[in-house]
Amino acid sequence: MDKTQARFLLRCCRSGTTDEQDEAFQEARQSILEDPDLQEWYHREMAFDRECRDKLQQFPVPTDLRANLIAAQRAQQSQAFRPTRQMVMGIAAALVMTLGALFLLGQFLHPAPLTASDFARHAVLADEHGNDPIFLSENLDAKREWLSRHNAPSEWVLPADLSKATGQGCRTVAVKGNTVTVIGFKLACGNDVTVYVISRQALSQATPPGELVLNEEGRRSVARWCDGKFYYVAVSQVPLNRLKDLL
Amino acid sequence: MQFQDLVDSYYEALYRFAYSLARNSEDAADLTQQTFAVWGEKGHQIRDPKKVKSWLFTTLYREFLSTRRHSQRMVYDEFLPERLPNEPDESFVGRLDSEALMAKLAELDEIHRTPLSLYYLEDYSYKEISDILEVPIGTVMSRLNRAKSQLRDSIQTHLKNPDLLSFPNLDSNAQNG
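Residues numbered from 1 in each chain as written. Chains lettered and ligands numbered in written order. Predicted model: local features only at pLDDT ≥ 70, side-chain atom pairs only at ≥ 80, totals over all residues. Heavy atoms only, no water.

A. Just unusual backbone geometry, in detail. Residues and elements named next belong to chain A. The backbone phi angle of Asn151 is positive, close to 55°, even though this residue is not glycine. The topology assignment puts Asn151 in the loop between α7 (140-149) and α8 (160-164). Judged by its relative accessible area of 66%, Asn151 falls in the exposed class. The phi torsion at Lys176 lies on the positive side, around 50°, for a residue other than glycine. The topology assignment puts Lys176 in the loop between β1 (166-175) and β2 (178-186). (Helix = DSSP H or I, 4+ residues; strand = E, 2+ residues; numbered from the N terminus. Buried < 20%, exposed > 50% of the residue type's maximum accessible area, 1.4 Å probe, protein only.)

Next comes the structure, spelled out in structure tokens:
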């Protein structure tokens with residue numbers, strides 16, 4: 001390492017810092033011990049640095065700067081927590097939307113209790129609008145399998161006489177978030193009977209098992225009953241007595 | 001660290017560094033203010049307390065770069081032949097007060113006075129300066145060498161011709177390059 005290189009390194013490297021780990025700096029420092037001229041130069045250089053550093057570190061700082069900095073920080077903090085009119089409106093709108101969404105979600109996840117009468121009315125309305133079967137099969141087991149795959153009641157037990165009628169097929173409908181099985185039958189007289197099946201747990205007020213409730217809704221005869229697991233509503237345009245005979 | 005403790009620990013050093021960059025007290029105070037404002041927003045992201053100081057200096061320097069007029073002429077002389085350092089005259093710096101010396105420092109090109117400010121004001125090593133300014137180590141070393149030479153020349157010229165001291169009317173020059 002020549003003198004010029006040593007001076008270059010000695011000028012920018014600082015003792016007492018990580019610069020000391022620099023091998024080139026260590027070599028330059030070794031050169032000082034071996035070269036009296038370089039040593040003298042280095043002492044002058046260090047004195048120059050010390051004087052510059054001491055003078056510059058005494059450079060005056062405005063007396064009010066500290067107070068201004070702290071005051072500004074307080075203002076910044078209070079501004080950060082002071083909502084503007086737009087922020088308030090935005091928060092209110094977001095709150096209303098969130099509550100609305102939660103209400104709808106709640107309705108979806110926890111539908112309002114469905115009574116047996118409500119379910120019967122839904123069944124009649126559905127029958128009036130027509131419920132063409134989606135899965136066409138006369139085979140009850142095939143229907144059960146299809147309904148099971150669609151998470152609909154599939155383990156229902158129908159009265160024997162009704163089961164003897166010609167099966168038309170089945171489908172599912174949703175009533176207040178509950179999946180309902182719809183099974184169609186064709187009677188020998190040409191009329192249809194449609195049975196709606198829902199889980200008994202989905203109803204808040206179900207008819208006690210074994211009790212048959214008969215009534216007429218407009219031109220339709222309606223029969224309701226339940227077993228331990230499901231609630232059934234049969235809807236048909238046959239006279240009420242004829243429907244009762246099937247059950 | 002509480003904000004007041006942070007201010008007490010660093011505001012003077014940051015202001016001096018800001019002054020060496022901006023070359024006037026108003027801009028220096030603004031830069032210092034802005035640095036602490038950025039701390040207020042992002043300071044919580046710093047997990048290692050040892051990095052707070054260099055973070056503050058780096059932030060101040062970035063703030064300076066972002067607010068500086070882009071029309072300012074930059075002197076990129078990394079590829080100029082290396083100047084040989086002058087022989088220092090013993091104790092001639094002692095004939096200047098701190099403001100006059102800061103004025104001489106402020107006369108240097110920005111790329112030279114910035115690392116030299118960190119070197120003198122905060123006793124940073126060249127490696128730390130390299131980290132703060134985000135420039136290569138070799139570049140910092142070259143700039144420090146040139147900066148010292150320029151500062152010494154400037155001081156010697158001033159002592160021989162005190163009337164030539166132009167500081168603090170450097171702001172317009174700085175803006176116009």
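This is not the end of the story, as more comes after the structure.
B. Broad picture of the packing of helix α1 (residues 3-12) of chain A against helix α7 (residues 137-160) of chain B. The geometry of α1(A) relative to α7(B) is characterised by a closest axis approach of 9 Å and an angle of 85° between their N-to-C directions. With respect to α7(B), the axis of α1(A) lies roughly perpendicular. Here Arg7(A), Phe8(A), Leu9(A), Arg11(A) and Cys12(A) of α1(A) lie close against α7(B), whose contacting residues are Met141(B), Ser142(B), Leu144(B), Asn145(B), Lys148(B), Ser149(B) and Arg152(B). Residues that form the contact of α1(A) with α7(B) fall into these classes: 5 nonpolar, 3 polar and 4 charged. (Axes fitted to C-alpha atoms, helices over the stretch in contact; angles between N-to-C directions. Parallel < 35°, antiparallel > 145°, perpendicular 65-115°, else oblique. Contact = heavy atoms within 4.5 Å. Nonpolar A, V, L, I, M, F, W, Y, C, P; charged D, E, K, R; others polar.)

C. Quick peek at the pairing of strand β4 (residues 213-217) of chain A. Residues and elements named next belong to chain A. Relative to strand β5 (residues 220-226), β4 runs antiparallel, the two being bridged by 5 bridges. In the sheet register, Val213 faces β5, and the bridge partner there is Arg224. Between the antiparallel neighbours β4 and β5 lie 2 residues, among them Gly218 with a positive phi of about 60°. (Pairing = 2+ DSSP bridges.)

D. Spotlight on the interface of chain B and chain A. Each partner contributes residues to the interface: chain B has 51 residues there, and chain A has 37 residues. Here chain B meets chain A over a buried area of about 4300 Å², counting both sides, of which 60% is carbon and sulfur. Where chain B touches chain A, the interface holds 5 salt bridges. The interface formed by chain B and chain A holds 15 residue pairs in polar contact (both at pLDDT 80 or more) in total. Elements represented by at least two residues in the side of chain B that touches chain A include exactly α1 (3-22), α2 (25-42), α4 (98-106), α5 (110-121), α6 (126-133) and α7 of chain B. (Buried area = accessible area lost by both parts, 1.4 Å probe. Salt bridge = Lys/Arg side-chain N within 4 Å of Asp/Glu carboxyl O. Polar contact = N/O pair within 3.5 Å; in protein donor to acceptor, adjacent residues only side chain to side chain.)

E. View of the pattern of salt bridges. Applying the stated criterion across every chain, the model contains 16 salt bridges over all chains. Salt-bridge contacts for Arg53(A) lead to Asp123(B); the nearest nitrogen and oxygen are separated by 3.9 Å. You can see Arg53(A) sitting in helix α3 (residues 36-56) and its partner Asp123(B) sitting in the loop between α5 and α6, one on each of two chains. Judged by relative accessible area, which is 24%, Arg53(A) ranks as partly exposed. Residue classification places Asp123(B) among the partly exposed residues on the basis of a relative accessible area of 28%. Notably, a salt bridge pairs Lys229(A) with Glu155(A), separated by 2.5 Å at the nearest N-O pair. On the criterion of sequence distance, the pair formed by Lys229(A) in the loop between β5 and β6 (230-236) and Glu155(A) in the loop between α7 and α8 is long-range, its members being 74 residues apart. You can call Lys229(A) partly exposed: its relative accessible area is 46%. Linked by salt bridges that have partners in common, Arg11(A), Glu45(A), Asp49(A), Lys148(B) and Arg152(B) make up one network.

F. Representation of α3(A) within the structure. Residue and element names in this part refer to chain A. Over its 21 residues, α3 extends 30 Å from the first C-alpha to the last, a length consistent with the 30 Å expected when each residue adds 1.5 Å. Looking only at α3, the buried set comprises Leu38, Trp41, Tyr42, Glu45, Ala47, Phe48, Asp49, Cys52, Lys55 and Leu56. Structurally, the start of α3 carries an N-cap: the backbone nitrogen of Asp37 is 2.9 Å from a side-chain oxygen of Asp35. (Expected span 1.5 Å × (residues − 1).)

G. Region of interest: a nonpolar patch on the surface. Judged by side-chain polarity, Leu95(A), Leu99(A), Leu102(A) and Leu105(A) come together as a nonpolar surface patch covering roughly 400 Å² of accessible area. Relative to the elements of secondary structure, Leu95(A) occurs in helix α5 (residues 85-109). (Patch = residues over 30% accessible without salt bridge, like charges linked within 9 Å, V, L, I, M, F, W, Y side chains within 5 Å. Areas by Shrake-Rupley, 256 points an atom, 1.4 Å probe, with all protein chains shown as cover.)

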